[in-house]
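Close look at the chain arrangement
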Amino acid sequence: MSEPKAKPKLQKQAVQIPKQAPEVRIRNFNEVTLGYTEEQALAEAGRCLQCPKPQCIQGCPVEIDIPVFIKLMKEKDYGAAIRKIKEKNCLPAICGRVCPQEEQCQKLCLLGKAGDAVSIGRLERFLADWERQTGIACSEEAPSNGKRVAIIGAGPAGLTAAADLVKLGHEVVIFEALHRPGGVLMYGIPEFRLPKSIVQAEADYVKKLGVEIRASCLVGRTFTIPELLKQGFDAVFIGTGAGLPQFLGIPGENFGGIYSANEFLIRVNLMKAYTFPECDTPIRIGKKVAVIGGGNVTMDSARSALRLGAEEVCIVYRRSREEMPARQEEIENAEEEGITCKFLANPTKFIGDEKGWVKAMECICMELGPPDESGRRRPIPVKGSEFVMDVDTIIVAIGRTPNPIIQSTTEGLAVTKWGTIVADENGKTNIEGVYAGGDIVTGEATVISAMGAGKKAAKAIHEYLMRKNS
Amino acid sequence: MHQIVSKKELAPKIKLLEIEAPEIAEKAKAGQFVILRIDENGERFPLTIVDWDKKKGTITLIFLEIGVSTEKLGALKVEDVIFDVLGPLGNPSDIKKYGSVCVIGGGVGTASAFPIARAFKEAGNKVVSIVGAKTAGLLILEDEMKKASDELFISTDDGSKAHKGFVSDVLKTLIEKGYGFDVVYAIGPTVMMRAVAETTRPYGIKTIVSLNPIMVDGMGMCGACRVSVGDKTRFACVDGPEFDAHLVNFGELLKRQMVYMSEEKAALQRLQEKKCTHYE
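Residues numbered from 1 in each chain as written. Chains lettered and ligands numbered in written order. Predicted model: local features only at pLDDT ≥ 70, side-chain atom pairs only at ≥ 80, totals over all residues. Heavy atoms only, no water.

So, the overall build of chain A
In terms of helices and strands, chain A carries 16 helices and 16 strands. Taken against the 2.2 N^0.38 rule, which gives 23 Å for 470 residues, the C-alpha radius of gyration of chain A at 23 Å falls within 12% of a compact globule. In terms of overall dimensions, chain A has a C-alpha envelope of 70 × 65 × 50 Å along the principal axes. The buried share among the 470 residues of chain A stands at 57%. (Helix = DSSP H or I, 4+ residues; strand = E, 2+ residues; numbered from the N terminus. Rg over C-alpha atoms; globule rule 2.2 N^0.38 Å. Buried < 20%, exposed > 50% of the residue type's maximum accessible area, 1.4 Å probe, protein only.)

This is the structure in structure tokens:
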């Protein structure tokens, strides 16, 4: 009988990541989470058990070989480690920052059963940042196979599909409606959570791979999908996302001072209104701000409002804290910064002043009933519990719906009653050569799930084009 | 990047630019607009496509220098470039044969009315146009509108040319005289469009206005351009820009257009100060 192997000493707690102090960061738009130092990164990488049957990979929508990249990292071969990640993921600096790892790879980490999971996302971020600082390596362009693919939307799904397809030798052009690539990464997620220079650098990497990105080109208006196919594109991937704002539909919603989260965030992030008048796009923020909703976009809006100089920012959510869809980390960040939450309350009307500016909001208290189809307890208004909050700015962050322009300009494309495009698990739509993936198919979801969909569609498009060839 | 091919000053502070945009020229229809971003720090703002030339691959824009972006745009010279021009956006005008159509342009809104008048004429309608301005020197596109119309009427607020008063007064006179308009199109300042809507309402004449609220993305993402039409909130960029004038809540629109007034003023002042120091 062999002697039992000495157990490696388990480090139950993850290495903490440095952050800007709350009282400092609420005065600037710089990144809140500062990233691991090399020493910290190595200490955290050292916690990985290198399981023979790793579970973490199964939790990753793009199937990064996590144990191998961590092993390379432990050996300080950072170049090889980031290359390993980039085999599957062309946007690591972004994913390392905004993926909900606690719901994905880290949720399945063995260490999580008796302590903290390995901080896979923070390690990914460390490597991507290391590479950006030392110079991004780029593989040789694949020889062209003569096939052309049009990608609509330079968001997470489109960029991922484009990168995978160009590596396989296809000629790829991305058509982006806004003036910068990145989609929600550029217009939606704030600078302090995802610096725009990083989004630009990762989009530039996709360009370096050989992808052409045509900005300010709205497919459906400038060209339609049938026209793209006629122009000589052999296949099309639609990754147009969920960018249409939802409003509450209650009286007074068109008063001045009431923004959709999209308008607010587009002004602040894409147009850099926080530097006005350096930049020409203004934003107006009052003293008392209410943000309606409970998701990550709600947190992003509330924290942006605070940084723009609001005195009080209150999140108003119709369910309780437990049902909030936002990441735990983002809720904690918001609370640390002094943002308050009013749970179990829902606006019923907005009250304006004589100039048409919002001055107050009437809400009704809610209580939780039995679970609804989402599995969360349904909020029910409590009769007669109306109350009024004095506010001068409202940001409505209750979700986004699919962009409709492609659906309405592509004859014959199958669409659901929610306005999403019908596609199978590989992104295939009912029109030959036309694929779709990301929020435009699933409705509003995460960056990484859109990337996963882009990956699957790229594989399916490649197979389709090769089949067509033979 | 879109190069400026030609430039003209039509009236004090009102300028015409012809810019390279072949893909937009190929698709443009009367009633549509583009979103521009002039330079790296520029804001996104809409302008109507006044004319387009598919062969040359150009589109024509006309604008009044009124804020930071239009001042910057007006300062550009031939061969300069505009960073971004996105379009054509918005729904085209519903051009068909109505019979008798009245097209009204107020101020720089005449530039937006012109392609609509021309399209109605081409579609075989009798087109009666009314063009108004504060004063004779600010009237634009008179010859073009004359060509695009069967009859052209002019009004000036100060009476320096033709009828003294507003376009809505002229419209009322024509209706009273028995001009049986099947539809009235009005484009200009919001107060003018409201006056036109109130003029035609008692007669029950179908009236369409092209709204110009604040916009950011121009494709339905931000909702800054929301307007109340009947009992519904609509986005001018994707549901419009043209709506039934008798259903539009003009009071709300006027207030929403003023939202950034103080910021706009401050920014304009800053731009002018910059220009001054530049010349010193």
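The structure having been displayed, the exposition proceeds.
Digging into the packing of helix H4 (residues 78-86) of chain A against helix H6 (residues 120-134) of chain A
All names here are of chain A. Viewed as axis vectors pointing N to C, H4 and H6 meet at an angle of 110°, and their least axial separation amounts to 9 Å. Between H4 and H6, the crossing angle belongs to the class labelled roughly perpendicular. Crossing angle aside, the handedness with which H4 passes H6 is left-handed. Along its contact with H4, which presents Tyr78, Gly79, Ala81, Ile82, Ile85 and Lys86, the element H6 presents Glu124, Phe126, Leu127, Ala128, Trp130 and Glu131. Considered class by class, the residues forming the contact of H4 with H6 number eight nonpolar, one polar and three charged. (Axes fitted to C-alpha atoms, helices over the stretch in contact; angles between N-to-C directions. Parallel < 35°, antiparallel > 145°, perpendicular 65-115°, else oblique. Left-handed = near helix turned anticlockwise from the far one by under 90°. Contact = heavy atoms within 4.5 Å. Nonpolar A, V, L, I, M, F, W, Y, C, P; charged D, E, K, R; others polar.)

Focus on the pairing of strand S15 (residues 226-229) of chain B
Residue and element names in this part refer to chain B. Residues Arg226 and Ser228 point to one face of S15 and Val227 and Val229 to the other, with burial holding for every one of them. Taken together, the four bridges between S15 and strand S16 (residues 232-235) define a ladder with antiparallel strand orientation. Counted as the bridge partner of arginine 226 is phenylalanine 235 from S16. Between the antiparallel neighbours S15 and S16 lie two residues, among them glycine 230 with a positive phi of about 60°. (Pairing = 2+ DSSP bridges.)

Regarding the packing of aromatic side chains
The full count for this structure, using the stated rule, is 13 aromatic pairs over all chains. Seen from their ring centres, A:Tyr435 and A:Tyr464 are 6.1 Å apart, and the 55° between their planes marks the pair as tilted. Here the residue A:Tyr435 occupies a position in strand S16 (residues 434-436), and A:Tyr464 occupies one in helix H16 (residues 447-469), the gap between them amounting to 29 residues. The buried category is assigned to A:Tyr435, whose relative accessible area is 3%. Owing to a relative accessible area of 8%, A:Tyr464 belongs among the buried residues under this scheme. Taking 5.7 Å as the distance between ring centres and 35° as the angle between the ring planes, the aromatic pair formed by B:Tyr179 and B:Phe181 counts as tilted. (Phe/Tyr/Trp six-rings, centres within 6.5 Å; stacked < 30°, edge-to-face > 60°.)

A few points about the sheet that holds strand S13 (residues 183-187) of chain B
Residues and elements named next belong to chain B. Spatially, the seven strands line up as an open sheet ordered S12-S11-S10-S9-S13-S14-S17, and their pairing is mixed. Of all strands in the sheet, those with a lone pairing partner are strand S12 (163-164) and strand S17 (242-244), marking the two edges. Sheet topology places S13 next to strand S14 (residues 206-210); four bridges connect them, and they run parallel. Paired with valine 183 across the bridge in S14 is lysine 206. Most of the contacts of helix H5 (residues 167-177) go to strand S10 (residues 126-133), to which it runs at about 150°, and overall it touches strand S9 (100-106), S10, strand S11 (151-156), S12 and S13. Helix H6 (residues 190-200) contacts S9, S13 and S14 of the sheet and is inclined by roughly 165° relative to S13.

Considering the nonpolar core
Ranked by internal contacts, the top residues of the largest apolar core, which has 121 residues, are A:Phe69, B:Ile104 and B:Phe181. For this core, the element with the most residues is H16(A), which contributes 10 residues. Aside from chain neighbours lying at most four places away, what touches B:Phe181 is B:Ser100, B:Val101, B:Cys102, B:Val128, B:Leu171, B:Leu174, B:Ile175 and B:Ile205. Listed in part, the 49 residues of the second largest apolar core include A:Ala290, A:Ile331, A:Ile339 and A:Met361. (Core = buried A, V, L, I, M, F, W, Y, C linked by side-chain atoms within 4.5 Å.)

Section: the pattern of salt bridges
Tallied over the entire structure, the rule returns 47 salt bridges over all chains. A:Asp280 serves as the salt-bridge partner of B:Lys72, at 2.5 Å between the closest nitrogen and oxygen. Taken together, the residues span two chains, with B:Lys72 in helix H2 (residues 68-75) and A:Asp280 in the loop between helix H11 (261-270) and strand S7 (288-292). On the basis of relative accessible area, A:Asp280 is assigned to the buried category, the value being 11%. Between A:Glu335 and A:Arg321 there is a salt bridge; the shortest N-O distance is 2.6 Å. Pair noted here: A:Glu335 is in helix H13 (residues 328-336) and A:Arg321 is in the loop between strand S8 (312-316) and H13, with a separation of 14 residues, a long-range link. We classify A:Glu335 as partly exposed; its relative accessible area is 32%. The class of A:Arg321 is partly exposed, set by a relative accessible area of 27%. Each of A:Arg25, A:Arg193, A:Asp300, A:Arg303, A:Arg307, A:Glu330, A:Glu336 and A:Glu337 takes part in a single network of salt bridges with overlapping partners. (Salt bridge = Lys/Arg side-chain N within 4 Å of Asp/Glu carboxyl O.)

Some points on H6(A)
Residue and element names in this part refer to chain A. Given a rise of 1.5 Å per residue, 15 residues ought to cover 21 Å, and the 21 Å separating the end C-alpha atoms of H6 matches this to within 8%. Along H6, the positions that sit buried rather than exposed are Ile120, Gly121, Leu123, Glu124, Arg125, Phe126, Leu127, Ala128, Asp129 and Glu131. Where the residues of H6 are buried, they touch helix H2 (38-45), helix H3 (66-74), H4, helix H5 (92-98) and helix H9 (196-208). In the segment just after H6, glycine 135 is the residue with positive phi, at about 110°. (Expected span 1.5 Å × (residues − 1).)

Structural notes on helix H7 (residues 156-167) of chain A
Residue and element names in this part refer to chain A. End to end, H7 covers 17 Å across 12 residues, agreeing with the expected 16 Å (1.5 Å per residue, within 8%). Buried residues dominate H7, accounting for 11 of its 12 residues. Buried within H7 are the following residues: Pro156, Ala157, Gly158, Leu159, Thr160, Ala161, Ala162, Ala163, Asp164, Leu165 and Val166. Glycine 169, located one to two residues past H7, shows a positive phi value of around 95°.

Regarding empty space enclosed by the protein
Residues and elements named next belong to chain A. By the definition in use, this model includes four cavities of 30 Å³ or more. Its boundaries defined by the atoms lining it, the largest cavity holds a volume of some 150 Å³. As for the largest cavity, its lining consists of 16 residues, and the residues nearest its centre are Cys48, Cys51, Cys56, Cys109 and Leu110. Tallying contributions element by element places H3 first for the lining of the largest cavity, with three residues. Looking at side-chain class alone, the lining of the largest cavity contains 14 nonpolar, two polar and no charged residues. (1 Å grid on protein atoms, 1.4 Å probe; cavity = no way out; pocket = protein on both sides within 12 Å on 5 of 7 lines; lining within 4 Å. Points joined across faces, edges and corners; volume = space filled by probe spheres on them.)

As for the side chain of A:Glu263
Mapped onto the elements of the fold, A:Glu263 is located in helix H11. Those residues in contact with A:Glu263 that lie beyond four places of it in its chain are B:Cys222, B:Gly223, B:Ala224, B:Arg226 and B:Tyr260.

Details of the interface of chain A and chain B
Opposite the 45 residues of chain A that make contact, chain B presents 43 residues. Across the chain A/chain B interface, buried area totals approximately 3600 Å², and carbon plus sulfur atoms make up 52% of it. Our enumeration of links across chain A and chain B arrives at six salt bridges. Among the ionic pairs, A:Arg214 bridges to B:Glu23, the shortest N-O distance being 2.8 Å. Counting every contact that joins chain A to chain B gives 25 residue pairs in polar contact (both at pLDDT 80 or more). When residues of the side of chain A that touches chain B are assigned to their parent elements, the largest contribution, four residues, is made by H11(A). For the side of chain A that touches chain B, a count of residues per class yields 21 nonpolar, 12 polar and 12 charged. (Buried area = accessible area lost by both parts, 1.4 Å probe. Polar contact = N/O pair within 3.5 Å; in protein donor to acceptor, adjacent residues only side chain to side chain.)

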